[in-house]
Amino acid sequence: METTAGSRVLEGWRPPGDATAVRRVRERGGIVVGKTNCDEFGMGSSTENSAFQVTANPWDESRVPGGSSGGSAAAVSARQCMVSLGSDTGGSVRQPASFCGVVGIKPTYGRVSRYGLVAYASSLDVIGCFASSVADAGILIHAISGHDRLDATSSKQEVPDFTSQFMPSDSFESKPLKGLRVGVIRETLGDGVDQAVISSINAAAAHLEDLGCSLAEVSLPSFSLGLPAYYVLAISEASSNLSRYDGIRYGNQVLANELGALYGDSRAKGFGDEVKMRILMGTYALSAGYYDAYYKRAQQVRTMVKNDFKAALIEHDFLISPAAPSAAYKIGEKKNDPLAMYAGDIMTVNVNLAGLPALVVPCGFVEGGSSPLPVGLQMIGSAFSEDKLLKVGHVFEQTLKDFNFVPPLVADSRAS
């Protein structure tokens, strides 16, 4: 099946085989119905950086579905498929899940094989899942998890049966989550976050408390440092990973009279503006005179982020935050303001830096679109605790009353 990663440089390219995650889905009887749109090489937060088209949000077609895996989220939200896969380098599964009102799970780094995934930043990339329910997400993530000898970063950690966590709501106790300690991340509910989003997250936290959880505010001192560190690391790795697209090893070739022109013209024609900018910035950050000032310091911040999460998760079973600082915004609203676009990743990038699992479940709505727009609650656990997150997410979802996370266009089509 044609695989482009949203880029003209790979237009028409067909891989010689399936990615491990896709192969495992097929082996278990899954039917692959197609590929979805994404930001070029995963570089974006709105799917507006695709070289082919802009994907619309099923809740309001004038708004973005999030990104970079916005096509996968929109397809599930519009009920074009039951489940879908996406890549998550800094939130590219979780933020679109929030924008499109679906469930999104980012597994622990190494839980799912990256073999066959088109690389953006190899130390951050993971394959995640979208679904319209936590149970469906659990079935899919269980199917694709496990060690793979074709991926050197694949973990040999035993994979529990995630689906055993799901019980019907009529069998729940009065306090089904009694005894669980939940940390509310202080830095995620302050300046820069829409007040309506904060209200939805506070209501979701109160619901967890009603289910038996004990809540406490927790501070992650390095939280604000994660975003700049993430972008230095991600673009540095991207500048190396994307060097293979030279018109000879990979990528469409432009005819030229000499080798240097062939390389340059093939990449100039094949890559979009955002990808070119990130390659240039990454090459600069890795250059001899600036490596210590940028890349090395970013790695030091990464260690601080890991340590802060580790300390917080000793005291708490899981942490919660918004999945994004706002609901879905208008198409084109942030296209010419890259800093505002990058700032939208602040809720999610730290989880990738730490390599931890996170689950996003729809938790409420905010006003602003042609219909109310969904908001997602992010739950963050310790390494390889996907089973616990899925259990909590399932109970939360099944007991959340008075919300229907089906876009109006889907509901209207069903009614007719």
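Novice: Any chance you could explain the pattern of salt bridges here in plain terms?
Specialist: One side chain can pair with another of opposite charge once the charged atoms of both are near each other. This model, assessed by the stated rule, comprises ten salt bridges. Among the ionic pairs, glutamate 217 bridges to arginine 186, the shortest N-O distance being 2.8 Å. Separated by 31 residues along the polypeptide, glutamate 217 in strand β5 (residues 214-218) and arginine 186 in the loop between β4 (181-185) and α5 (195-210) bring together distant segments of the chain. The class of glutamate 217 is exposed, set by a relative accessible area of 53%.

Novice: Whenever I open this one, unusual backbone geometry confuses me. Can you help?
Specialist: The peptide bond linking glycine 67 to serine 68 adopts the cis configuration, its omega dihedral lying at 10°. The topology assignment puts serine 68 in the loop between α1 (20-27) and α2 (70-77). The backbone phi angle of arginine 79 is positive, close to 60°, even though this residue is not glycine. With respect to the helices and strands, arginine 79 occurs in the loop between α2 and β1 (83-88).

Novice: Is there a simple way to think about the pairing of β1 in this case?
Specialist: Within a regular strand, side chains alternate between the sheet's two faces. Covered by surrounding structure in β1 are Ser84, Gly86 and Asp88 only, the residues Val83, Leu85 and Ser87 on the alternate face being uncovered. Looking at chain direction, β1 and strand β3 (residues 126-131) are connected through six bridges and run antiparallel. Bridge assignment links glycine 86 to a residue of β3, and that residue is glycine 128.

Novice: What exactly am I supposed to notice about the state of the cysteines here?
Specialist: According to the stated counting rule, one finds zero disulfides in the structure shown. The closest cysteine sulfur to the non-disulfide-bonded cysteine 81 is located on cysteine 100, 11 Å from its own sulfur. Cysteine 81 sits in the buried class, given a relative accessible area of 19%.

Novice: What is the right way to read the packing of aromatic side chains from this model?
Specialist: Describing an aromatic ring pair means giving the distance of the ring centres and the angle of the ring planes. Counting across every chain of the model gives 16 aromatic pairs. Relative to tyrosine 294, the ring of tyrosine 290 lies with its centre 6.2 Å away and its plane at 40°, an arrangement referred to as tilted. For tyrosine 294, a relative accessible area of 36% gives the class partly exposed. An aromatic cluster is defined as three or more aromatic residues linked by ring pairs; in this entry it consists of Trp13, Phe41, Tyr245, Tyr250 and Phe271. One Lys or Arg, lysine 334, reaches over the ring of tyrosine 329 and ends 4.4 Å from the middle of that ring.

Novice: How should I be thinking about the nonpolar core in this particular structure?
Specialist: The nonpolar side chains of a soluble globular protein tend to be buried, and buried together. Among the nonpolar cores identified, the biggest contains 96 residues, and Phe41 and Leu377 are the most heavily contacted of them. For this core, the element with the most residues is helix α6 (residues 223-241), which contributes nine residues. Once you skip the residues sitting within four places of it in the chain, leucine 377 turns out to touch Ile201, Ala204, Leu208, Ile320, Ser321, Leu359, Val360, Val361, Cys363 and Phe396. One finds Ala73, Ala75, Cys81 and Ala97 within the second-largest nonpolar core, a separate group that totals eleven residues.

Novice: Got a minute to help me understand the environment of phenylalanine 403 in this structure?
Specialist: Mapped onto the fold, phenylalanine 403 is located in the loop between α12 (386-399) and α13 (408-415). Given a relative accessible area of 37%, phenylalanine 403 falls into the partly exposed group. In sequence terms phenylalanine 403 and proline 374 are 29 residues apart; their C-alpha atoms lie 9.9 Å from each other. Discounting residues that sit within four places of it in the chain, phenylalanine 403 has contacts with Cys363, Gly364 and Phe365.

Novice: Sorry, what's going on with the side chain of threonine 399 here?
Specialist: In this structure, threonine 399 sits in helix α12. The class for threonine 399 is buried, based on a relative accessible area of 17%. In this view, threonine 399 contacts Phe172, His207 and Leu211; residues no more than four positions away in its chain are not counted.

Novice: Can you help me understand the pairing of β4 in this one?
Specialist: Of all the five residues making up β4, four are buried; the element is thus mostly covered by neighbouring parts of the structure. The pairing of β4 with β5 spans five bridges and is classified as parallel. For valine 182, the partnering residue across the bridge sits in β5 and is leucine 215. In this structure, β4 lies alongside strand β6 (residues 318-322), joined through three bridges in parallel fashion. Looking at the pairing, valine 182 lines up with phenylalanine 318 of β6.

Novice: So what exactly am I meant to see when it comes to the packing of α6 against helix α9 (residues 292-315) here?
Specialist: In helix packing, the relevant descriptors are the interaxial angle and the interaxial distance, both defined with respect to the helix axes. Look at α6 against α9: their axes get within 9 Å of each other, and the N-to-C directions meet at 130°. In this view, α6 runs oblique relative to α9, as classed from their interaxial angle. α9 is crossed by α6, and the crossing has left-handed handedness. Where α6 abuts α9, its residues Leu225, Gly226, Ala229, Val232, Leu233 and Ser236 lie against Tyr294, Tyr295, Ala298, Gln299, Val301, Arg302, Met304 and Val305.

Novice: Would you mind going over the environment of aspartate 60 with me for this structure?
Specialist: When you line up the elements, aspartate 60 lands in the loop between α1 and α2. Polar side-chain contacts of aspartate 60 include one of 2.7 Å to the side chain of serine 62.

Reading guide: rules and limits
- Residues numbered from 1 in each chain as written.
- Predicted model: local features only at pLDDT ≥ 70, side-chain atom pairs only at ≥ 80, totals over all residues.
- Heavy atoms only, no water.
- Salt bridge = Lys/Arg side-chain N within 4 Å of Asp/Glu carboxyl O.
- Helix = DSSP H or I, 4+ residues; strand = E, 2+ residues; numbered from the N terminus.
- Buried < 20%, exposed > 50% of the residue type's maximum accessible area, 1.4 Å probe, protein only.
- Pairing = 2+ DSSP bridges.
- Disulfide = S-S within 2.5 Å.
- Phe/Tyr/Trp six-rings, centres within 6.5 Å; stacked < 30°, edge-to-face > 60°.
- Lys NZ or Arg CZ within 6 Å of the ring centre and 35° of its normal.
- Core = buried A, V, L, I, M, F, W, Y, C linked by side-chain atoms within 4.5 Å.
- Contact = heavy atoms within 4.5 Å.
- Axes fitted to C-alpha atoms, helices over the stretch in contact; angles between N-to-C directions.
- Parallel < 35°, antiparallel > 145°, perpendicular 65-115°, else oblique.
- Left-handed = near helix turned anticlockwise from the far one by under 90°.
- Polar contact = N/O pair within 3.5 Å; in protein donor to acceptor, adjacent residues only side chain to side chain.

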